[in-house]
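Residue-level structure breakdown
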There are 2 protein chains.
Amino acid sequence: MSDTSHRRERQRERTLTEIKDFARAQLVASGPASISLRAIARDMGMTAAALYRYVPALDALVIELCTDLHNEVRIACEAARDADPDTDPVRQLLVMARELRRWALAHRPEATLIFGPPLPGVEQFHQQCEDLQCAGAQFGQIFVQPMLELWQAGRLPAVPHVDLDRLAGALPAHGELPIEVTAVFLTSWTRLYGILAAELFGQLSWAATDTEPLFEAELASFAAQIPATATPASRRNS
Amino acid sequence: MSDTSHRRERQRERTLTEIKDFARAQLVASGPASISLRAIARDMGMTAAALYRYVPALDALVIELCTDLHNEVRIACEAARDADPDTDPVRQLLVMARELRRWALAHRPEATLIFGPPLPGVEQFHQQCEDLQCAGAQFGQIFVQPMLELWQAGRLPAVPHVDLDRLAGALPAHGELPIEVTAVFLTSWTRLYGILAAELFGQLSWAATDTEPLFEAELASFAAQIPATATPASRRNS
DNA sequence: CGCGAAAGTAAACACCGTTCACTCAAATGA
DNA sequence: TCATTTGAGTGAACGGTGTTTACTTTCGCG
């Protein structure tokens, strides 16, 4: 009984992943704006209307795609991190950042979808990212975590020039993170994101064709702020 | 004779700017992806086919819009710069950067169009930016210029960690700029762009609602690298 | 085997970009 | 002044899109 009813469910799930596979193929082939239900249905040998048995609307499909891609890039970064024997948080951050860049440049349309401006109807995705369980937040978390470890080890330097009081007033509700960690995370993240997004979106095509020196310099300047071992005076937790 | 023919031309130009005005109104109202020739024609009380007398295709119209917007934000930054009596290049850079952020946040859809990933069919815009006369390059130029002045005054510090040789190999043909200036410009620009783009595209909505502290910190850390007066040892030109 | 739910279809609606043949008015030249 | 050329604008059409509706077919379950 449950076997047979499961058969239906499995069939349903297979069709849904097939839909997402074709959607991704279109994303890769023609960019985020060209994902079309009718084309997916055509590729699958079905009618567009049939897809509405599986997906409430195109927007929802794209949002699911965003979720999958966030998970994919997170898992790729985690794998790169775990493949490195060095467990130093700084080292882990560098390895993950490089893997993020590698993934993004190897999957430009996908990266453009998740790191670019939300398509109309997909703005909702970033909103729901305030939920820590959502894929976007979990992706961010793998970069937050090592920074938290650095802070606990007393190795996180105060970020210069950041108005911590004002920043603290601009955080969402779930902010159980120390404000110093938030500050260093945000400044580091936006720097990485800047190089990546600028290259992804072609904003640097007039100025440089290879941004790896810039990327590596940013990583180096990040690592340089952090002492290899804890400064005794700034040690905080165990 | 030339009067009358000019009358036609002026009429034609008025219609064209009217088209662009309505296009921008749509951009502001519904985002970059929602600019539609049919809707523009509807708003103007015309047929969509008539617009093809003025614009070869939708893509071309959007590209023209990008050009206009680049000019607009450039002029806004120049105005802010010139309104400040301080002629110190560092001060000018800070003023222009703040104006850039102000403009972008006050014109989010427009900023998303020109700073986000190119719409399908508009990739061409960034390519043509290798031409220094194009609007995109001229916009970049107003930030390059003060940095060049700093370099000429011997106040530009070597950017740490950047592999200048490799970067030099990744520059387009028109690079008559000193490589040190290029390096400091690109690292500073991508940092600014990162904060701006992250906020524009909602990438930080889960982490912070107000990025001004981050932006100001980035400006401060840029200014901090640059000596107020020339280091005698590093002075280069007049 | 028959029933009922799920899957899929066809047609329609309202959009979209783009093209083509056509009309109409206005500027031009003789 | 009158005929002609040129340009603006129209209407219909083609193929594309998301989405809804009513209908049919398929298939697992009792």
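Because the structure is a prediction, the values reported are computed rather than measured.

Time to look at the overall build of chain A. Regarding its fold elements, chain A presents eleven helices and zero strands. Sequence-ordered secondary structure for chain A, helices as α and strands as β, is α-α-α-α-α-α-α-α-α-α-α. Principal-axis analysis of the C-alpha atoms places the extent of chain A at approximately 65 × 55 × 40 Å. Relative to its full complement of 238 residues, chain A shows a buried share of 49%. A separation threshold of at least 6 residues defines the contact pool for chain A, and within that pool the share at least 24 residues apart is 71%. Accessible surface for chain A amounts to roughly 11200 Å². Of this, 51% is attributable to carbon and sulfur atoms.

Turning next to the interface of chain B and chain A. At the interface, 51 residues of chain B touch 53 residues of chain A. Around 4400 Å² of area is buried between chain B and chain A when both sides are counted, 67% of it from carbon and sulfur atoms. For the chain B face of the interface with chain A, the top three residues by lost area are His161, Gln203 and Trp206 of chain B, together amounting to 17%. Applying the counting rule to chain B against chain A returns six salt bridges. One salt bridge connects Arg191 of chain B with Glu218 of chain A, and the closest N-O pair in it is separated by 2.7 Å. Put simply, chain B and chain A have twelve residue pairs in polar contact (both at pLDDT 80 or more) between them. For the side of chain B that touches chain A, the secondary-structure elements that each account for two or more residues are helix 6 (108-115), helix 9 (164-168), helix 10 (179-200) and helix 11 (212-225) of chain B. Residue contributions to the side of chain B that touches chain A peak at eleven residues, all from helix 10 of chain B.

This brings us to the domain arrangement of chain A. All names here are of chain A. Partitioning chain A into structural domains gives domain 1 (1-55) and domain 2 (66-234). Between domain 1 and domain 2, the residue contacts involve five residues of the former and nine residues of the latter. Here domain 1 and domain 2 share an interface that buries about 620 Å² over both sides, 62% of which is from carbon and sulfur atoms. On the domain 1 side of the contact with domain 2, Arg24, Leu27 and Pro32 bury the most area, a combined 71% of that side's loss. Taken together, domain 1 and domain 2 are joined by three salt bridges.

A few words now on the relation of the copies chain B and chain A. The operation linking the two copies of the chain is a rotation about an axis combined with a translation along the axis. For the match of chain B to chain A, the screw axis carries a shift of 0.0 Å, the RMSD comes to 0.0 Å, and the turn is 180°. Expressed as an axis order, the relation between the two copies is that of a two-fold axis. Among all residues of chain B, the one whose C-alpha sits closest to the rotation axis is Gly194 of chain B, at a distance of 1.6 Å. By residue overlap, the copies meet face to face through one surface: 100% of the interface positions of chain B are interface positions in chain A.

It is worth spelling out the environment of Gln26 of chain B at this point. Residue and element names in this part refer to chain B. As for its placement among the helices and strands, Gln26 is situated in helix 1 (residues 2-30). Along the backbone, Gln26 and Ala39 are 13 residues apart, and their C-alpha atoms lie at a distance of 8.4 Å. Beyond its immediate chain neighbours, meaning those up to four positions away, Gln26 contacts Gly31, Ser34, Ile35, Ser36, Ala39, Ile40 and Asp43. Polar side-chain contacts of Gln26 include one of 3.0 Å to the backbone nitrogen of Ser36.

Take the nonpolar core next. Counting 142 residues, the largest nonpolar core has Leu100 and Phe143 of chain A together with Leu100 and Phe143 of chain B as the members making the most contacts within it. Contact partners of Leu100 of chain A, with chain neighbours within four places excluded, come to Val73, Cys77, Phe115, Phe139, Phe143, Trp189 and Leu196 of chain A.

So, about the packing of aromatic side chains. In total, this model carries 13 aromatic pairs over all chains according to the counting rule given. Ring centres of Phe185 of chain A and Trp189 of chain A lie 6.3 Å apart, and the angle between their planes is 10°; this geometry places the pair in the stacked category. One end of the pair, Phe185 of chain A, and the other, Trp189 of chain A, are both in helix 10 (residues 179-200), four residues apart, so they sit about a helical turn from each other. Its relative accessible area of 4% is what places Phe185 of chain A among the buried residues. Consider the rings of Phe139 of chain B and Phe143 of chain B, whose centres lie 5.7 Å apart with planes at 70°: the pair is edge-to-face. One end of the pair is Phe139 of chain B and the other is Phe143 of chain B, both in helix 8 (residues 135-152) and four residues apart, which spans about a single turn. There is no split in this pair, since Phe139 of chain B and Phe143 of chain B are both buried. Clustering of aromatic rings is evident, with ring pairs tying together Phe115, Phe139, Phe143, Phe185 and Trp189 of chain A together with Trp206 of chain B.

Scoring rules and cut-offs
- All residue numbers refer to position in the chain's written sequence, counted from 1.
- Note on labels: chains are lettered from A, ligands numbered from 1, in written order.
- The predicted nature of this model means local features are confined to residues of pLDDT at least 70 and side-chain atom pairs, given and counted, to a pLDDT of 80 or more, with totals for whole chains, interfaces and linings taken over all residues.
- As a convention, hydrogens and water are excluded, and side-chain values are obtained from all of the structure's heavy atoms.
- Numbering of helices and strands starts at the N terminus; helices are DSSP runs of H or I of at least 4 residues and strands are runs of E of at least 2.
- Summary of the burial criterion: residues with accessible area below 20% of their type's maximum are buried, those above 50% are exposed, and those between are partly exposed, where the area comes from a 1.4 Å probe applied to protein chains only.
- It only takes one pair of heavy atoms within 4.5 Å for two residues to be counted as in contact.
- Working definition of accessibility: Shrake-Rupley area with a 1.4 Å probe, residue cover restricted to the visible protein chains.
- Buried area, as used here, totals the accessible surface that two parts lose on assembly, with accessibility defined by a 1.4 Å probe and the loss added over both.
- By definition, a salt bridge exists where a carboxyl oxygen of Asp or Glu is found within 4 Å of a side-chain nitrogen of Lys or Arg.
- By the criterion applied in these results, polar contacts are pairs of N or O atoms within 3.5 Å in which, for protein atoms, one can donate a hydrogen and the other can accept it, and in which residues neighboring in sequence qualify only through two side-chain atoms.
- Where each domain starts and ends follows an automatic or database-derived domain assignment.
- Copies overlap after least-squares fitting; the atoms used are the C-alpha atoms of residues with pLDDT of at least 70 in both.
- Joining through side-chain atoms within 4.5 Å is the link that ties buried Ala, Val, Leu, Ile, Met, Phe, Trp, Tyr and Cys residues into a set, and such a set is a nonpolar core.
- Two rings from Phe, Tyr or Trp (for Trp, the six-membered ring) form a pair when their centres are within 6.5 Å of each other. A pair whose planes differ by under 30 degrees is stacked, one over 60 is edge-to-face, and the rest are tilted.

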